[in-house]
Amino acid sequence: MEKEAPNLPVEVISYILHFLSTSDRKEASLVNRAWYAASLDQSLQKNVFYHLQGTSDSLEFIRDLGQRQASCVALSDLDASATSKMVVQNIALHLAPHLKKLFLRDSNITESSFMALVPSCRNLRGLDLSGCNSLFLPGTLLSTEESKARTAKALVDLRELNLSNLRYLSDLIFNRLTECTPKLQMLALAACPIAFEFDPYRGLKMYNSTGMLTLNSILSLLCKQAATLKCLNFSRTSITSEAIQSVVQVTGLHLEVLLLRHCKDLTDDAVCAICMCQPGLTTLDLTGCAELTNRSVSAVTGLPYLEHLFLGKIRLLTDNGLKNLSTIPTLQTLDLSECYQVSGLELVKGFVLPQARASLVSLNFSCCTMVKDEKPQITTESDMEPSKEKEGASLKTLTCLKELCLTACTKLTDASITREIRFQELKTLTLSMVREITDESVISIAAHCRSLEGLALNHCAHLTDQGMIAAACHMKRLTNLEISCCDKITNQALEVLMQQCKWLRSLDVSMCGGLLIADIERLQHFHPRLTSVKAKYMGVWTCVPDSLNETG
């Protein structure tokens, strides 16, 4: 007789769950009630936030979240209406004591609602006010000593402040707000209109403009809080090379994360200064900084602790600039999307050299149209098998890879996919618009990448039911599948996928000519775990949201 599983204490189960990935924890929570209760442990809910709308439908849910002591909440659709005010009051009553992160992004929250909510949140560690222009437009936020004192008491331990996308952020309000946050570690000012070159104060130290945010106020804050600030985000601003050099040279500032996406005025000199003055960087995002060249990448290789590097849309970048990236010992993430002169050959060669020290976990070659198969060779039939086994510069050397994006690498074929994509730990693979691949690639991927959770094959028109059905039995952990514009896929393949891939939650079959909307509706009816289905341009866009609006 088979023995029953032992009844472990909830605390022990929670401890076990700490060693599992998010997806594995979700599966483990379905074992029984004890495991479900253990999965709700607050230490496991750090990256789970609940999205609430400023409507009456949210009121009952707010009380429930209060009982669960939810710590991360995002609010949307807030305005000056009585209903929104009631939602804010209920959050202040039931949730505020437990909240550690509050997202008010792009909401029309008023100053009165802000003051009714935020001062009640005494344990906040993160506050997102990005896009809350209605809050800053009047220019009166924290204008009284009483309101400023109440806010300062609540935000005394705030670590993260997001002020991105604010059109009306001025020196005066910026200074008032940041004086309430003495322990900031992260400050985001992305897409804010900041005066980096114009100095309206002419050397004076009183930065109180009501009409603009200037570099003066930002540098003043950095000087005051240099000891704690670790992350800065100036993405999509007009920051100049001179301005960023002033920032990174602030005495006592030791940054770990610097985000400069689409800062089009940055030069190689600026990147060299960043790498020289901030050697402790672990994340550097230079996506879309169009003036940069291989010289910047050469400077980046001198960062000994760099883990995440984003170089997308730098069109002057070539393969020669990438060959030494493998020498960065801590590098885990590399984004080279839309670098049209990059083939990846020199990068991959670097990883087979003796001095290679990096262990990439995530690699993005999206839209790198120079990426292609192994060089073509003239071989006889007897030479065919030995040539397949011959190892050269190969992606297979990246044994720790968990995320790989090859979107629109149109020169790839089955020859390289079946040979190279063999990663036991790979969780996410994107091959959308790799138009030449066939069922052979899908079957090979399923057989050699058993940990796959997300697979995107949009616009791969040669795929058929035969390949998907043959692959389904190996993709036991698949939770997200995208096969839009694959006209040869029919309901027969979907039925087999749903039976074999029992954890499938999200499916995109938009513009699949071999499917009918009735097929999709039938799938949803018989497979309730399929909580998100996209079927655009099939008569109706069907979408069943998660009933809890919970995102992890």
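Refer to the structure presented above.
Residues numbered from 1 in each chain as written. Predicted model: local features only at pLDDT ≥ 70, side-chain atom pairs only at ≥ 80, totals over all residues. Heavy atoms only, no water.

*Asks:* Explanation requested: the side chain of threonine 287 in the structure shown.
*Replies:* Looking at the element boundaries, threonine 287 is found in the loop between strand 11 (283–285) and helix 13 (294–300). Looking at threonine 287, its side chain comes within polar contact range of the side chain of aspartate 285, at 2.7 Å. Leave out the neighbours within four places in its chain, and threonine 287 touches Leu260, Arg261, His262, Phe310, Leu311 and Gly312. (Helix = DSSP H or I, 4+ residues; strand = E, 2+ residues; numbered from the N terminus. Polar contact = N/O pair within 3.5 Å; in protein donor to acceptor, adjacent residues only side chain to side chain. Contact = heavy atoms within 4.5 Å.)

*Asks:* What should I look at first to understand the pattern of salt bridges in this one?
*Replies:* Pairing between side chains of opposite charge can happen when their charged atoms approach one another. This model, assessed by the stated rule, comprises 11 salt bridges. Note that glutamate 179 and lysine 148 form a salt bridge whose closest N and O atoms lie 2.4 Å from each other. Taken together, the residues glutamate 179 in the loop between helix 9 (171–178) and strand 6 (186–188) and lysine 148 in helix 8 (residues 145–154) connect sequence positions 31 residues apart. By relative accessible area, glutamate 179 is classed as partly exposed at 47%. A salt bridge links aspartate 519 to arginine 522, with the nearest nitrogen and oxygen atoms 2.7 Å apart. Note that aspartate 519 and arginine 522 are positioned in helix 20 (residues 517–526) at a spacing of three residues, about one turn of the helix. Note on aspartate 519: relative accessible area 11%, which makes it buried. (Salt bridge = Lys/Arg side-chain N within 4 Å of Asp/Glu carboxyl O. Buried < 20%, exposed > 50% of the residue type's maximum accessible area, 1.4 Å probe, protein only.)

*Asks:* Help me out: how do you make sense of the packing of helix 4 (residues 58–67) against helix 5 (residues 82–94) in this one?
*Replies:* The relative placement of two packed helices comes down to the angle between their axes together with the axis-to-axis distance. At a closest axis distance of 9 Å, the pairing of helix 4 and helix 5 adopts a crossing angle of 10°. Here helix 5 runs roughly parallel to helix 4, going by the angle between their axes. The element helix 4 and its partner helix 5 pack so that their crossing is right-handed. Only Met86, Val87, Asn90, Ile91 and His94 of helix 5 make contact with helix 4, whose side of the interface consists of Leu59, Ile62, Arg63 and Gly66. Tallied by class, the residues present in the contact of helix 4 with helix 5 amount to five nonpolar, three polar and one charged. (Axes fitted to C-alpha atoms, helices over the stretch in contact; angles between N-to-C directions. Parallel < 35°, antiparallel > 145°, perpendicular 65-115°, else oblique. Left-handed = near helix turned anticlockwise from the far one by under 90°. Nonpolar A, V, L, I, M, F, W, Y, C, P; charged D, E, K, R; others polar.)

*Asks:* When you look at a nonpolar patch on the surface in this model, what are you seeing that I'm missing?
*Replies:* Together, Leu8, Val12, Tyr15, Ile16 and Phe19 give the surface a local cluster of nonpolar side chains, amounting to about 490 Å² of exposed area. Tracing the backbone shows phenylalanine 19 in the loop between helix 1 (10–17) and helix 2 (22–28). Note on phenylalanine 19: relative accessible area 60%, which makes it exposed. (Patch = residues over 30% accessible without salt bridge, like charges linked within 9 Å, V, L, I, M, F, W, Y side chains within 5 Å. Areas by Shrake-Rupley, 256 points an atom, 1.4 Å probe, with all protein chains shown as cover.)

*Asks:* What is the right way to look at the pairing of strand 1 (residues 49–53) in this model?
*Replies:* Successive side chains on a regular strand alternate, one facing one side of the sheet and the next facing the other. The alternating pattern of strand 1 places Tyr50 and Leu52 on a buried face and Phe49, His51 and Gln53 on a face that is not buried. As defined by bridge partners, strand 1 adjoins strand 2 (residues 72–76) across four bridges and the pair is classed as parallel. Bridge pairing in strand 2 links leucine 52 to leucine 75. In this region the chain leaves strand 1, passes through helix 4 and returns to the parallel neighbour strand 2; the handedness of that crossover is right-handed. (Pairing = 2+ DSSP bridges. Right-handed = clockwise from strand over helix to strand, strands pointing away.)

*Asks:* Just to check I follow, could you spell out the pairing of strand 2 for this structure?
*Replies:* Most of strand 2 is tucked away, with five of its five residues classed as buried. As judged from the three bridges shared by strand 2 and strand 3 (residues 101–103), these two strands associate in the parallel manner. Of the residues in strand 3, the one forming a bridge with alanine 74 is phenylalanine 103. For the crossover that starts at strand 2, traverses helix 5 and ends in the parallel strand 3, the hand is right-handed.

*Asks:* What should I look at first to understand the nonpolar core in this one?
*Replies:* Generally speaking, a soluble globular protein has its nonpolar side chains buried in company with each other. Of all hydrophobic cores here, the largest spans 155 residues; its most connected members are Leu163, Leu189 and Ile244. Once you skip the residues sitting within four places of it in the chain, leucine 163 turns out to touch Leu129, Phe136, Leu169, Phe174, Leu177, Leu187, Ala188, Leu189 and Cys192. Counting six residues, the second largest nonpolar core, distinct from the first, contains Ile13, Ala28, Trp35 and Ala38. (Core = buried A, V, L, I, M, F, W, Y, C linked by side-chain atoms within 4.5 Å.)

*Asks:* Would you explain the state of the cysteines in this entry?
*Replies:* Such a bond, covalent and formed between the sulfur atoms of two cysteines, is termed a disulfide. Scanning all chains against the criterion turns up zero disulfides. Its sulfur unpaired, cysteine 368 is 5.6 Å from the next cysteine sulfur, which belongs to cysteine 339. With a relative accessible area of 0%, cysteine 368 lands in the buried category. Not engaged in a disulfide, the cysteine cysteine 405 finds its nearest cysteine sulfur in cysteine 409; these two sulfurs lie 7.5 Å apart. Cysteine 405 sits in the buried class, given a relative accessible area of 15%. (Disulfide = S-S within 2.5 Å.)

*Asks:* Just checking my understanding: could you explain the environment of isoleucine 109 for this structure?
*Replies:* Checked against the element boundaries, isoleucine 109 lands in the loop between strand 3 and helix 6 (111–117). A residue is classified by how much of its surface remains accessible, and isoleucine 109, at 0% relative accessible area, is buried. In the structure, isoleucine 109 is positioned 55 residues away from glycine 54 in sequence and 9.8 Å away in space, judged by C-alpha atoms. Residues within four places of isoleucine 109 in sequence aside, it is in contact with Leu78, Leu104, Phe114, Cys132, Ser134 and Leu135.

*Asks:* Just checking my understanding: could you explain helix 1 for this structure?
*Replies:* Each α-helix winds once per 3.6 residues, and so residues spaced three or four apart point in a common direction. Of the residues making up helix 1, those classed as buried are Ile13, Ser14 and Leu17. Projected down its long axis, helix 1 carries its buried residues within an arc of 100°, all on one side. Facing away from the buried surface of helix 1 by more than 90 degrees, the exposed residues are Glu11 and Tyr15. (Arc of directions from axis to C-beta.)

*Asks:* Sorry if this is basic, but what is going on with the packing of aromatic side chains here?
*Replies:* As enumerated under the stated definition, the model contains two aromatic pairs in all. Considering the side-chain rings of tyrosine 50 and phenylalanine 61, the 6.4 Å spacing of their centres and the 70° angle between planes classify their relative orientation as edge-to-face. Of this pair, tyrosine 50 sits in strand 1 while phenylalanine 61 sits in helix 4, and the two are 11 residues apart along the sequence. Of the residues examined, tyrosine 50 reaches a relative accessible area of 5% and is grouped as buried. (Phe/Tyr/Trp six-rings, centres within 6.5 Å; stacked < 30°, edge-to-face > 60°.)

*Asks:* I'm lost on the side chain of threonine 214 in this one. Help?
*Replies:* With respect to the helices and strands, the residue threonine 214 is situated in strand 8 (residues 213–214). Once residues within four sequence positions are removed from consideration, threonine 214 is found in contact with Asp171, Ile194, Ala195, Pro200 and Tyr201.

*Asks:* Honestly, a negative patch on the surface in this entry has me stumped. Any pointers?
*Replies:* On the surface, a cluster of negative charge is contributed by Glu197, Glu242, Asp265 and Glu291. Along the chain, glutamate 242 falls in helix 11 (residues 241–248). We classify glutamate 242 as exposed; its relative accessible area is 55%. (Lys, Arg positive; Asp, Glu negative; His and termini not counted. Charge placed at Lys NZ, Arg CZ, Asp CG, Glu CD.)

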